[in-house]
Amino acid sequence: MVHKQEGTVAQALQAIEVNPYEMFKTQVRLAGTKLGLPPDLLEVIQTPERVLEVSIPVRMDDGSIRVFTGYRVQHSSARGPCKGGIRYHPAVTLDEVKALAGWMTLKCAVVDIPLGGGKGGIVCDPFELSEGELERLTRRYTAMILPLIGPWRDIPAPDVNTNSRIMNWFMDTATALRGEPMYAIVTGKDVAVGGARGRREATGRGVMIITREVLARLGRDLRGTTVAVQGFGNVGSVAALLLHQAGAKVVGVADVSGGLYNPNGLNIPELIDYVAQSPKHLIDGYSAPGVSSISREEVLFLDVDVLIPAALEGQITERNAARIRAPIIVEGANGPTTPEADVILEERGCLVVPDILANAGGVIVSYFEWVQNLQSFYWDEEETNSRLTQLMQRAFRDVWQLAQEKKVNLRLAAQMLALHRVAEAIRLRGIFP
Ligand code: GLU
């Protein structure tokens, strides 16, 4: 199934540095060229429609004022309102947010939901902020980006270090400022205030579904399959739990604080309880019989059937790709593999299920939440999960088929499918004026 990338492509990739936006532009150029799309159209798709930088003054608990920087990028509304999460992290940069917004456009297109792409971020370390500071930061950021967002314009959601509580504040602030209920302005809220049942688990569930699908194509199932997971947040921990419950053996996990390894399989429910109670929600300090500590990076090199990078972008690079032993990678994070690493992995026969397909479960259920908010009609969790499974399976089948037909890897196939859909929408709408 794995096909070699052409020599010219490999050469073109040599020049790229690990800047996520450069990565995104290169991916669009490669997939677009393969599709035969004209360079001017590719330039339209490479460039975000709108970029907003805001300054966010926050009254800190000690009485001083601290000014944070935030962004909201609307990459494309060609297929529908922009959609994508908000990240709170000290390493947030505008180029990162631009790339993440672009990947959202491709993600929504590859799973064929009627939404475009956007992303937001605040440069901050949320773990250093008190609850009150975090709330004031969130509410002021909401006020600052409010002129550009809305249920038919741009709909934020959770991402790295943001959660339902932050989305609730976001919705409440928009409601207060607009003077009418604004449930559909943001997704990932708690169920009591308009959230979709199953949204919190959706990205991890999607990762599990895709892992099951890819194994099925190879004539295998989850039972007994060994897995390593990098990142133990909303995506990694839920994916690990659902895989564990389905009979897979999660032998390694890691987060920023370090890694854990047990060749007989880790007790994932116990580890999740431990993390929920630890102050920074990290695996640091966990111990159990048969469990040894490994470094954060070592988890990537474990001898497992499936590796799931579910942390940040740029983790698998030309520096470490040759040390990866897993024959299958399912990307829970956005952009975890650099284009240079992709070439190395492909040469080694590693099957990579790309981010825009593998982690689309979150935005799919966000789409369901938005639909429910607009209709004021709420589904049970079973309905959400079965529709999620349907959409993920359809997308996986489409991508797999295209990869076979065009003799390209799954990343290129997913990007080609997505780009084709975005380009068609732009062509049909025309360029204004
Ligand atoms: N932050 C998630 C992602 O990267 C979810 C976005 C959303 O639900 O809009 O896909």
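Refer to the structure printed above.
Source: prediction; values computed, not measured.

### Considerations on the layout of surface pockets
Here's step 1: Considered as a void within the structure, the second largest pocket measures approximately 330 Å³ in volume.
Here's step 2: Forming the boundary of the second largest pocket are 15 residues, of which Val44, Glu49, Ala78, Ile426 and Ile431 lie nearest the centre.
Here's step 3: At the level of secondary structure, the elements contributing two or more residues to the lining of the second largest pocket comprise helix H3 (39–46), strand E2 (65–76) and helix H14 (410–429).
Here's step 4: A total of three residues in the lining of the second largest pocket trace back to one element, the largest contributor, which is H14.
Here's step 5: Tallied by class, the residues present in the lining of the second largest pocket amount to eight nonpolar, five polar and two charged.

### Points about the sheet that holds strand E5 (residues 117–123)
Here's step 1: Strand order in the open sheet made by the four strands is E1-E2-E5-E4, with mixed pairing throughout. One side of each edge strand has no neighbouring strand; the edge strands of this open sheet are strand E1 (50–59) and strand E4 (86–89). Strand-to-strand twist across the sheet, computed as the mean angle between neighbouring axes with direction ignored, equals 20°.
Here's step 2: Here E1 pairs with E2 via ten bridges, running antiparallel.

### What about the packing of aromatic side chains?
Here's step 1: With the rule as written, the count across this model stands at seven aromatic pairs.
Here's step 2: Judged by centre distance (5.0 Å) and plane angle (45°), the ring pair of Phe368 and Trp379 falls under tilted. With Phe368 in helix H12 (residues 361–375) and Trp379 in the loop between H12 and helix H13 (381–406), this pair connects stretches of sequence that are eleven residues apart.
Here's step 3: Note on Phe368: relative accessible area 5%, which makes it buried.
Here's step 4: Here the aromatic residues Trp152, Tyr367, Phe368, Trp370 and Trp379 are joined through ring pairs into a cluster of three or more.
Here's step 5: When the ring centre of Phe301 is taken as origin, the NZ or CZ atom of Arg323, which lies over that ring, is 4.0 Å away.
Here's step 6: The aromatic ring of Trp379 is capped on one face by Arg387, whose charged end is 5.0 Å from the ring centroid.

### Here we look at the pattern of salt bridges
Here's step 1: Applying the stated criterion across every chain yields a total of 20 salt bridges.
Here's step 2: Put simply, Arg411 and Asp342 hold a salt bridge, and the shortest N to O gap is 2.5 Å. Of this pair, Arg411 sits in helix H14 while Asp342 sits in helix H10 (residues 339–347), placing them 69 residues apart in sequence.
Here's step 3: Classification of Asp342 by relative accessible area gives buried; the value is 9%.
Here's step 4: The network of salt bridges with common partners includes Arg87, Glu96, Lys119, Asp159 and Glu313.

### What about the site of the ligand?
Here's step 1: Taken together, 14 residues surround the ligand, and among them Lys83, Lys107, Pro158, Asp159 and Ser366 come closest.
Here's step 2: Between Pro158 and the ligand, the recorded distance is 2.9 Å, taken from a backbone N or O atom to a nitrogen atom.
Here's step 3: Asp159 is positioned with one of its side-chain polar atoms (N or O) 2.8 Å from a nitrogen atom of the ligand.
Here's step 4: For the ligand, whose accessible area on its own is 290 Å², the fraction buried by protein is 95%.
Here's step 5: Elements with a minimum of two residues in the shell around the ligand: helix H4 (94–110) and H12.
Here's step 6: Looking at which element gives the most residues to the shell around the ligand, the answer is H12, with three residues.

### Here's the deal with the packing of helix H7 (residues 199–217) against helix H8 (residues 234–245)
Here's step 1: Relative to each other, H7 and H8 sit at 50°, their axes nearing to 7 Å. If you check the angle between H7 and H8, you find them oblique. The hand of the H7/H8 crossing is right-handed. Only Asn234, Val235, Val238, Ala239, Leu242 and Leu243 of H8 make contact with H7, whose side of the interface consists of Arg200, Glu201, Thr203, Gly204, Arg205, Val207, Met208 and Thr211.
Here's step 2: Classifying every residue of the contact of H7 with H8 by side-chain character gives seven nonpolar, four polar and three charged.

### Considering the sheet that holds strand E10 (residues 292–294)
Here's step 1: Strands sit in the order E10-E9-E8-E7-E11-E12-E13 across an open sheet of seven strands; the sheet is mixed. The sheet is open, and its two edges are formed by E10 and strand E13 (351–353), each paired on a single side. The average angle at which neighbouring strand axes cross in this sheet is 20°, direction not considered.
Here's step 2: Here strand E8 (residues 249–255) runs beside strand E9 (residues 258–261); their pairing, made up of four bridges, is antiparallel. Directly across from Val253, in E9, lies its bridge partner Leu260.

### Topic: the environment of Arg200
Here's step 1: Residue position: Arg200 is located in helix H7.
Here's step 2: Remark: the alpha-carbon pair of Arg200 and Val73, spanning 127 residues in sequence, is separated by 23 Å.
Here's step 3: Excluding residues within four positions of it along the chain, Arg200 makes contact with Asn234 and Val238.

### Considering unusual backbone geometry
Here's step 1: A cis amide bond links Phe432 with the next residue in sequence, Pro433, at an omega value of 10°.
Here's step 2: Of note, Pro433 is situated in the segment after H14.
Here's step 3: You will see that Ser376, though not glycine, has its phi angle at about 50°, which is positive.
Here's step 4: Following the sequence through the fold, Ser376 ends up in the loop between H12 and H13.
Here's step 5: Here the phi dihedral of Lys407 falls at roughly 55°; this positive angle occurs in a residue that is not glycine.

### Some details on the environment of Tyr71
Here's step 1: When you line up the elements, Tyr71 lands in strand E2.
Here's step 2: Given a relative accessible area of 10%, Tyr71 falls into the buried group.

Calculation criteria
- Each chain carries its own residue numbering, running from 1 in the written order of its sequence.
- Per-residue local features of the predicted model are confined to residues with pLDDT of at least 70, and side-chain atom pairs are confined, for both listing and counting, to 80 or more; whole-chain, interface and lining totals are unaffected and use all residues.
- With hydrogens and water set aside, each side-chain value is computed from the structure's full complement of heavy atoms.
- Cavity means a closed set of points on a 1 Å grid over the protein atoms alone, one where a 1.4 Å probe fits but cannot get out, pocket means an open set with protein on both sides within 12 Å along at least 5 of 7 lines, and lining means a residue has an atom within 4 Å of a point.
- Grid points are joined across faces, edges and corners, and a volume is the space filled by probe spheres set on the points.
- Helix and strand definitions here come from DSSP, where helices need a minimum of 4 consecutive H or I residues and strands a minimum of 2 consecutive E residues; each element is numbered from the N-terminal end.
- Note that Gly is not counted as nonpolar here; it falls among the polar residues with everything else outside the nonpolar set of Ala, Val, Leu, Ile, Met, Phe, Trp, Tyr, Cys and Pro and the charged set of Asp, Glu, Lys and Arg.
- For two strands to be treated as a pair, DSSP must find no fewer than two bridges joining them.
- An axis is simply a line fitted to the C-alpha atoms; with a helix, the fit covers only the stretch in contact. Between two such axes, the angle follows the N-to-C directions and lies from 0 to 180 degrees.
- Within 6.5 Å between ring centres, the rings of Phe, Tyr and Trp (the latter by its six-membered ring) count as paired, and their orientation is classed by plane angle as stacked under 30 degrees, edge-to-face over 60, tilted in between.
- Exposure categories follow from relative accessible area, calculated using a 1.4 Å probe and restricted to protein chains: below 20% of the type maximum is buried, above 50% is exposed, and the middle band is partly exposed.
- Lysine and arginine charges are scored as sitting over a ring when NZ or CZ, respectively, is within 6 Å of the ring centre and within 35 degrees of the ring normal.
- Salt bridge, as applied in this entry: a Lys or Arg side-chain nitrogen positioned within 4 Å of an Asp or Glu carboxyl oxygen.
- One heavy atom suffices: a residue is near a molecule or strand as soon as one of its heavy atoms comes within 4 Å of it.
- Definition of a polar contact: a pair of N or O atoms within 3.5 Å, with one able to donate and the other able to accept a hydrogen when the atoms are protein atoms, and with sequence-neighbouring residues admitted only if both atoms are side-chain atoms.
- Using a 1.4 Å probe, accessible areas were evaluated by the Shrake-Rupley method; residue-level cover was limited to the displayed protein chains.
- An angle below 35 degrees is treated as roughly parallel, one above 145 as roughly antiparallel, one from 65 to 115 as roughly perpendicular, and anything else as oblique.
- Should the near helix be turned anticlockwise from the far one by less than a right angle, the crossing is termed left-handed; should it be turned clockwise, right-handed.
- Contacts are residue-level and defined by heavy atoms, with any inter-residue pair within 4.5 Å sufficient.

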